[in-house]
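Now for the letters of each chain:
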Amino acid sequence: MAAASAVQAPTRDRRAVLSRRIRFLVAATISYNVVEAAVALTAGSLASSSALIGFGLDSIVEVLSAAAVAWQFAGRDPEAREKTALRLIAFSFFGLALFVSIDAVRALAGAGEADHSTVGIVLATVSLAVMPFLSWAQRHAGRELGSRSAVADSKQTLLCTYLSAVLLVGLVLNSTLGWSWADPIAALVIAGIAVKEGLAAWQGDACCAPSFTAADPAAVAENADGADNEDAATAGCACCAPQERPGGA
């Protein structure tokens, strides 16, 4: 079956719904990450954990990325602000890579032995449960709306999920086996992924941004719920292929 090169644009009402949904998800992401940053930085300082401190810095970068999307969709013409928002998101990825790399190198150089942190383990576990759902919901809405910046920010949130897993493994291994090197090695891999995603955002990667055709009244009525737009738009795109809801639901 041939992939469609262009799809029907969402109706005006549907675009308004998607824009409100993205603003809500961005607000939820910012709120959660502000709390996460405060807890991680405090717990990291108390336990002398470079991994927790780096995780707290990542939360701050995530807030900056989400704020860029919030700024874009606060305007009357979000599309006109998309390029600037993508640039801000790219810088947030690069900042994350820099913070994580410095933190990892310091840890590998033996910059202090981290103590056991129950708070850190609980925080990483909660983030590992929350972040995939926020990322999936924003990516789903961003694809249907055709917003590159919303999709890019959802990748930032997904990257935070990976970093949560790295943090959890590192804290557990450090607490149980004393393997202090495991966390910084994995963190360097995450930093490399952040650079890759930052470059994609900077270049305005067209993947996940459908090319819409002129409105056909009959097609608009048939696709008013916007559900078919995403599947057609993402056909043939490996990174945007429809995915299951987190948890397999």
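Residues numbered from 1 in each chain as written. Predicted model: local features only at pLDDT ≥ 70, side-chain atom pairs only at ≥ 80, totals over all residues. Heavy atoms only, no water.

Student: How would you explain the pattern of salt bridges if you had to name every residue and give the values?
Tutor: Tallied over the full model, the rule gives one salt bridge. The salt bridge involving Arg-14 is made with Glu-144; its shortest N-O contact spans 2.6 Å. Linking Arg-14 in helix 1 (residues 12-47) with Glu-144 in helix 4 (residues 118-145), this pair joins segments that are 130 residues apart in sequence. A relative accessible area of 2% places Glu-144 in the buried class. (Salt bridge = Lys/Arg side-chain N within 4 Å of Asp/Glu carboxyl O. Helix = DSSP H or I, 4+ residues; strand = E, 2+ residues; numbered from the N terminus. Buried < 20%, exposed > 50% of the residue type's maximum accessible area, 1.4 Å probe, protein only.)

Student: Please give an account of the confidence of the model for the protein that cites residues and values.
Tutor: Overall, the predicted model of the protein reaches an average pLDDT of 73, with 76% of residues at or above 70. Confidence over residues 1-5 falls short of pLDDT 50; this stretch has four contacts with residues more than four positions distant or in other chains. Low pLDDT, under 50, characterises residues 211-244; the stretch is placed with 63 contacts to residues that sit more than four places away or in other chains. (pLDDT = per-residue confidence, 0-100. Contact = heavy atoms within 4.5 Å.)

Student: Tell me about the packing of aromatic side chains, residues and numbers included.
Tutor: Counted according to the given criterion, the structure contains one aromatic pair. When the centroid spacing of 5.4 Å and the interplanar angle of 80 degrees are considered together, the rings of Phe-91 and Trp-202 count as edge-to-face. Highlighted residues: Phe-91 in helix 3 (residues 78-108) and Trp-202 in helix 6 (residues 182-202), separated in sequence by 111 residues. Of the residues examined, Trp-202 reaches a relative accessible area of 34% and is grouped as partly exposed. Just above the ring of Trp-202 sits the side chain of Arg-87; from NZ or CZ to the centre is 4.1 Å. (Phe/Tyr/Trp six-rings, centres within 6.5 Å; stacked < 30°, edge-to-face > 60°. Lys NZ or Arg CZ within 6 Å of the ring centre and 35° of its normal.)

Student: Go over the packing of helix 3 against helix 5 (residues 148-176) with me, naming the residues and quoting the values.
Tutor: Here helix 3 crosses helix 5 at 15 degrees, and the two axes come no closer than 9 Å. It follows from the interaxial angle that helix 3 and helix 5 lie roughly parallel. As for how helix 3 packs across helix 5, the hand of that crossing is left-handed. Where helix 3 approaches helix 5, its residues Glu-82, Ala-85, Leu-86, Ile-89, Ser-92, Phe-93, Leu-96 and Val-100 are matched on the opposing element by Arg-148, Ser-149, Ala-152, Asp-153, Lys-155, Gln-156, Leu-159 and Leu-163. Its residues assigned to classes, the contact of helix 3 with helix 5 shows nine nonpolar, three polar and four charged. (Axes fitted to C-alpha atoms, helices over the stretch in contact; angles between N-to-C directions. Parallel < 35°, antiparallel > 145°, perpendicular 65-115°, else oblique. Left-handed = near helix turned anticlockwise from the far one by under 90°. Nonpolar A, V, L, I, M, F, W, Y, C, P; charged D, E, K, R; others polar.)

Student: A description of the nonpolar core should follow, citing residues and the corresponding values.
Tutor: Counting residues in hydrophobic clusters, the biggest one holds 46 residues, and the most contacted among them are Ile-22, Phe-55, Ile-89, Leu-96 and Leu-167. Elements with a contribution of two residues or more to this core: helix 1, helix 2 (50-74), helix 3, helix 4, helix 5 and helix 6. Once residues lying within four places of it in the same chain are set aside, the contact partners of Ile-89 are Ser-65, Ala-68, Val-69, Ser-149, Ala-152, Asp-153 and Ala-201. (Core = buried A, V, L, I, M, F, W, Y, C linked by side-chain atoms within 4.5 Å.)

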